[in-house]
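Here is what each chain is made of, one letter per residue.
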Protein chains: 2
Amino acid sequence: MNEAVSRAGLIIREKEPANREFPFPSLSPATPTNAFFVRTHFPIPAIRAKDWTLTVDGEVERELRLTYDELLGLPATTSPVLLECAGNGRAQLVPKAKGLLWDTGAVGTAEWTGVPLSAVLDRAGVKEGGVDVILQGADKGEVDDPRSPGVIHFERSLPLAKAMRPEVLLAYKMNGKDLTPDHGFPVRAIVGGWYGMASVKWLTHVTVTATPFEEFWQSLEYAYWKRERERPTLARVTEVQVKAQIARPGLSEAVPAGKPYRVFGAAWGGGSDVAAVEFSTDAGKKWAEARLLGEAVPFAWRLWELPWDVPEATGRYQVMARATDTEGRTQPEKHDADRRTYMINFVFTVEVEVV
Amino acid sequence: MNEAVSRAGLIIREKEPANREFPFPSLSPATPTNAFFVRTHFPIPAIRAKDWTLTVDGEVERELRLTYDELLGLPATTSPVLLECAGNGRAQLVPKAKGLLWDTGAVGTAEWTGVPLSAVLDRAGVKEGGVDVILQGADKGEVDDPRSPGVIHFERSLPLAKAMRPEVLLAYKMNGKDLTPDHGFPVRAIVGGWYGMASVKWLTHVTVTATPFEEFWQSLEYAYWKRERERPTLARVTEVQVKAQIARPGLSEAVPAGKPYRVFGAAWGGGSDVAAVEFSTDAGKKWAEARLLGEAVPFAWRLWELPWDVPEATGRYQVMARATDTEGRTQPEKHDADRRTYMINFVFTVEVEVV
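On a predicted model such as this, the values are computed, not experimentally measured, just so you know. (Residues numbered from 1 in each chain as written. Chains lettered and ligands numbered in written order. Predicted model: local features only at pLDDT ≥ 70, side-chain atom pairs only at ≥ 80, totals over all residues. Heavy atoms only, no water.)

> I tried to follow the UniProt feature "domain: Oxidoreductase molybdopterin-binding" (unreviewed entry) in chain A on my own but got confused; where do I start?
On the UniProt side, "domain: Oxidoreductase molybdopterin-binding" (unreviewed entry) is annotated at positions that read residues 41-217 of chain A here. Across residues 41-217 of chain A one finds 11% helix and 38% strand; the C-alpha atoms that close the span lie 11 Å apart. (UniProt positions renumbered as here; feature names shortened; annotations may be inferred. Helix = DSSP H or I, 4+ residues; strand = E, 2+ residues; numbered from the N terminus.)

> Even after reading the chapter, I still don't get the UniProt feature "domain: Moybdenum cofactor oxidoreductase dimerisation" (unreviewed entry) in chain A, so can you show me in this structure?
Here the UniProt-annotated "domain: Moybdenum cofactor oxidoreductase dimerisation" (unreviewed entry) positions come out as residues 237-354 of chain A. Between the first and last C-alpha atoms of residues 237-354 of chain A the distance is 39 Å; the span itself is 0% helix and 44% strand.

> Explain the side chain of D103 of chain B here, please?
Tracing the backbone through its elements, the reader meets D103 of chain B in the loop between β6 (77-84) and β7 (107-116). We note that D103 of chain B is buried and unpaired, the nearest opposite charge coming from R13 of chain B at a distance of 4.6 Å. Of note is the side chain of D103 of chain B, whose polar atom sits 3.3 Å from the side chain of Q92 of chain B. In contact with D103 of chain B, other than residues within four places in its own chain, are L10, I11 and I12 of chain A together with R13, E21, N88, G89, R90, A91 and Q92 of chain B. (Buried < 20%, exposed > 50% of the residue type's maximum accessible area, 1.4 Å probe, protein only. Lys, Arg positive; Asp, Glu negative; His and termini not counted. Salt bridge = Lys/Arg side-chain N within 4 Å of Asp/Glu carboxyl O. Polar contact = N/O pair within 3.5 Å; in protein donor to acceptor, adjacent residues only side chain to side chain. Contact = heavy atoms within 4.5 Å.)

> Teacher, can you tell me more about unusual backbone geometry here?
What you tend to see is this: most non-glycine residues have negative phi, and most peptide bonds are trans. The omega torsion of the bond from R248 of chain A to P249 of chain A falls at 0°, within 30 degrees of zero and hence cis. One can find P249 of chain A in the loop between β16 (243-248) and β17 (254-255). Residue V94 of chain B is joined to P95 of chain B through a cis peptide bond whose omega torsion reads -5°. Of note, P95 of chain B is situated in the loop between β6 and β7. With a phi close to 50°, Y222 of chain B is a non-glycine residue in the positive phi region. Tracing the backbone through its elements, the reader meets Y222 of chain B in the loop between α4 (216-219) and β14 (223-226).

> Please explain the sheet that holds strand β8 (residues 132-142) of chain A as it appears in this structure.
Strand-to-strand pairing in sheets goes through backbone hydrogen bonds, with the strands running parallel or antiparallel. All names here are of chain A. Spatially, the five strands line up as an open sheet ordered β5-β4-β13-β8-β9, and their pairing is mixed. With one partner strand each, in any of the chains shown, β5 (64-67) and β9 (151-159) form the two edges of the open sheet. Each neighbouring strand pair of the sheet contributes to a mean axis angle of 20°, computed without reference to strand direction. The pairing of strand β4 (residues 53-58) with β5 spans four bridges and is antiparallel. Bridge pairing in β5 places V56 opposite L64. Along the sheet, helix α2 (residues 117-124) makes contact with β4, β5, β8, β9 and β13 (203-209), crossing β5 at roughly 135°. (Pairing = 2+ DSSP bridges. Axes fitted to C-alpha atoms, helices over the stretch in contact; angles between N-to-C directions.)

> Explanation requested: the interface of chain B and chain A in the structure shown.
How large an interface is tends to be reported as the accessible area lost when its parts come together. Taken together, the contact pairs 33 residues of chain B with 33 residues of chain A. Carbon and sulfur atoms supply 48% of the area that chain B and chain A bury against each other, a total of about 3100 Å² over both sides. Inspection of the chain B/chain A interface yields four salt bridges. In this structure, R316 of chain B and D182 of chain A form a salt bridge, with 3.1 Å as the shortest nitrogen-oxygen distance. At the boundary of chain B with chain A, the tally comes to 18 residue pairs in polar contact (both at pLDDT 80 or more). Taken together, the elements giving at least two residues each to the side of chain B that touches chain A come down to β1 (11-14) and β24 (350-354) of chain B. Per element, the largest residue contribution to the side of chain B that touches chain A is four residues, and it comes from β1 of chain B. Here the side of chain B that touches chain A is built from residues that sort into 12 nonpolar, seven polar and 14 charged. (Buried area = accessible area lost by both parts, 1.4 Å probe. Nonpolar A, V, L, I, M, F, W, Y, C, P; charged D, E, K, R; others polar.)

> Help me understand the environment of Q92 of chain B, please; the structure alone is not making it clear to me.
Note that Q92 of chain B resides in the loop between β6 and β7. Take Q92 of chain B: its relative accessible area is 5%, and that puts it in the buried class. Sequence separation of Q92 of chain B and E327 of chain B is 235 residues, and the distance between their C-alpha atoms is 26 Å. Look past the residues within four positions of Q92 of chain B in its chain and what remains in contact with it is I12 and K15 of chain A together with D103, T104, F346 and F348 of chain B.

> I'm lost on the relation of the copies chain B and chain A in this one. Help?
Both copies of the chain are related through a single rotation about an axis accompanied by a shift along the same axis. With an RMSD of 0.0 Å, the operation that places chain B on chain A is a rotation of 180° combined with a shift of 0.0 Å along the axis. Read as a symmetry element, the transformation amounts to a two-fold axis. A shared binding surface is used by both copies, with 100% of the interface residues of chain B retained as interface residues in chain A. (Least-squares fit on C-alpha atoms with pLDDT ≥ 70 in both.)

> Sorry, what's going on with the packing of aromatic side chains here?
Here the distance between the centres and the angle between the planes together describe a pair of aromatic rings. All names here are of chain A. Across all of its chains, the model carries 34 aromatic pairs over all chains by this definition. Plain terms: the ring middles of F36 and W112 are 5.9 Å apart, the flat faces sit at 90° to each other, and that makes the pair edge-to-face. Pair noted here: F36 is in the loop between β2 (19-21) and β3 (38-39) and W112 is in strand β7 (residues 107-116), with a separation of 76 residues, a long-range link. Taken together, the ring pairs connect F42, F154, F216, W217, Y222 and Y342 into an aromatic cluster. Cation over ring: R322 sits above W287, and NZ or CZ is 4.0 Å from the ring centre. (Phe/Tyr/Trp six-rings, centres within 6.5 Å; stacked < 30°, edge-to-face > 60°. Lys NZ or Arg CZ within 6 Å of the ring centre and 35° of its normal.)

> Which parts of the structure should I look at to understand the side chain of K201 of chain B?
All names here are of chain B. For K201, the position within the fold is in the loop between β12 (188-191) and β13 (203-209). Buried within the structure, K201 lacks any salt-bridge partner; D182 is the closest side chain of opposite charge, at an N-O distance of 6.9 Å. Here R39 takes part through its backbone oxygen, which lies 2.9 Å from a polar atom of the side chain of K201. Polar side-chain contacts of K201 include one of 2.9 Å to the backbone oxygen of D182.

> Quick question: what am I supposed to make of the sheet that holds strand β18 (residues 260-268) of chain B here?
Residues and elements named next belong to chain B. The strand order across the open sheet formed by four strands is β16-β18-β22-β21, and the pairing between neighbours is antiparallel. Each of the sheet's edge strands pairs with one partner strand only, and the pair in question is β16 (243-248) and β21 (291-292). Judged from the two bridges that link them, β21 and strand β22 (residues 302-309) form a sheet pairing that is antiparallel. In the strand pairing of β22, R291 is matched with E305.

> Looking at this structure, I do not really get the pairing of β16 of chain A. What am I missing?
Taken residue by residue, a regular strand's side chains alternate between the two faces of the sheet. Residue and element names in this part refer to chain A. Counting buried residues along β16, six of its six residues qualify, which places the element largely inside the surrounding structure. Sheet topology places β16 next to strand β18 (residues 260-268); five bridges connect them, and they run antiparallel. In the strand pairing of β18, K243 is matched with W268.

> What should I look at first to understand helix α2 (residues 117-124) of chain B in this one?
A turn of α-helix holds 3.6 residues, and therefore any two residues three or four places apart point the same way. All names here are of chain B. Among all positions of α2, only L117, S118, V120, L121 and A124 are buried. Projected down its long axis, α2 carries its buried residues within an arc of 160°, all on one side. Backbone geometry just downstream of α2 places G125 in the positive-phi region, at approximately 75°. (Arc of directions from axis to C-beta.)

Right under this line is the structure:
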């Protein structure tokens, strides 16, 4: 199942701040660091490891200030974790959405090494009233929101129960090497199972609050309409939705008629594993089951493949893949407008040319 | 110099109307049809060849109505012609521009077969007062401009002198086959030397006017600030500006330290040939001359290559290429704001990682 390692060739979605997309047709089991998509909201802060500290405060028994060396001295874990931008696939929305128009490459799975956030929160001692854990990055700037005037930092929160889970790390290595500046050097959060915005880069402050945190980055940006109450409210985007993406054939790929072709791609859920991936070459009328490769690894993607007996009839084919997770959730056919331009996991169509 | 033929894997910039980008790192001498960028403004019109006619009217002696078979009966020429979207490179602008954020792949060179527009204009007999030649496509829709209410067609004009030049074709084949629907089937204009918006697709009307044509697509869209008079005026975008682009190494590509590496890319001018391409690995302090491959072909791009002795020192390098045309014009260092978000040919930086 080993594909050639990507040569990168990232696609610029925005030059500054840096927003760069992975070319998904070059999918490999583990995304190399230089091919991993980059999502930034503000200029990349330049932080030296020796100057970095992590402050842990708020509803804690003991405020902490950890240095980089102190963090690296704590027991660490290493595991592959998928990060997907909450807006991945936005270019697939019709009519055109506002915001960065990611195609299918704002997703990747890398191996992250770090200290469980729970270990640091345990050292600080979360008080009984602790509810939410704010993760604040050193990156900052102005945003287009009158309720958020002046310079603000990028920050997101996790409910305490999620913050204490083992898939939430204070990560300092990516694919076995120190983080690069565009991926959060020296330390970032990794929040397995949640969209990428939760994995705050250039992390410098962890604050436990007694009430839910409701600022810009989770009440306006990265928020969707939730209809649990009488009136819909903007709720924070959290768990990654189940999705399969096709790497090959790629859009407009010329596929030779009458020959076998190996279709392959990746699929993922949020907290759940992928149970099945199906593939269609007739715009979703008939589906064939793909073979899932390797073993399920929690919070990572899973590659899949399928032999396609390409017909003799040349012309354009609409191919599709859809995933179902172990809780029985399948990708929807259409985007739910309540999700605004986030959590985009409806079944995409890839046009290929049989020649 | 033959690179592997692209497998396509076009990048979606917008799903509908279809706007798709060529992944420039997969550059080859001639762009395959399925890898050629697609720029559309409205839904793709479905036109059957047997229903298609071309109307030639306005300031002509004899109005014409040509059928597809009649057009194909006229003497045709075949040659490679580069098309570049006037907004190619827009993702490189800082701050972020409005409009489709093309990276570097809204450009391609294909072989086009068609009848010189001049032959058809000669048959119609352009009257002495003819000034401008409007090319109108069958594609239509509404635009966001109060001065252009209702449904309008895509249309652009050429000054009569340009319209009569041999590099302006009524093209019906691309790379030896009938045009595909997304590239203008059954007939499109090909205007060598001008940005792609002039090469009107799904062409159905050619109208010679006695006064310059000044509608939406050349006075607001695809227009730039010209400062020849007292007050700047919005002038139509026309000739392609000289430019070199690097295919390999691609953005974030991992380049092995201490080994030779073959840098390659393409360069082009508008009406002029490329005289030289230079390459820099230190953000433009020192430049080395690249080798131009093959022969200059008017209105096509020219591939270039360069051996790079990659240093032993690992880290990020800012590589750049710049072209100079045979009239001595070199790419600028910065984007001229008067060009708005068109004609983007300042020297781009590609970050690569020597590892």
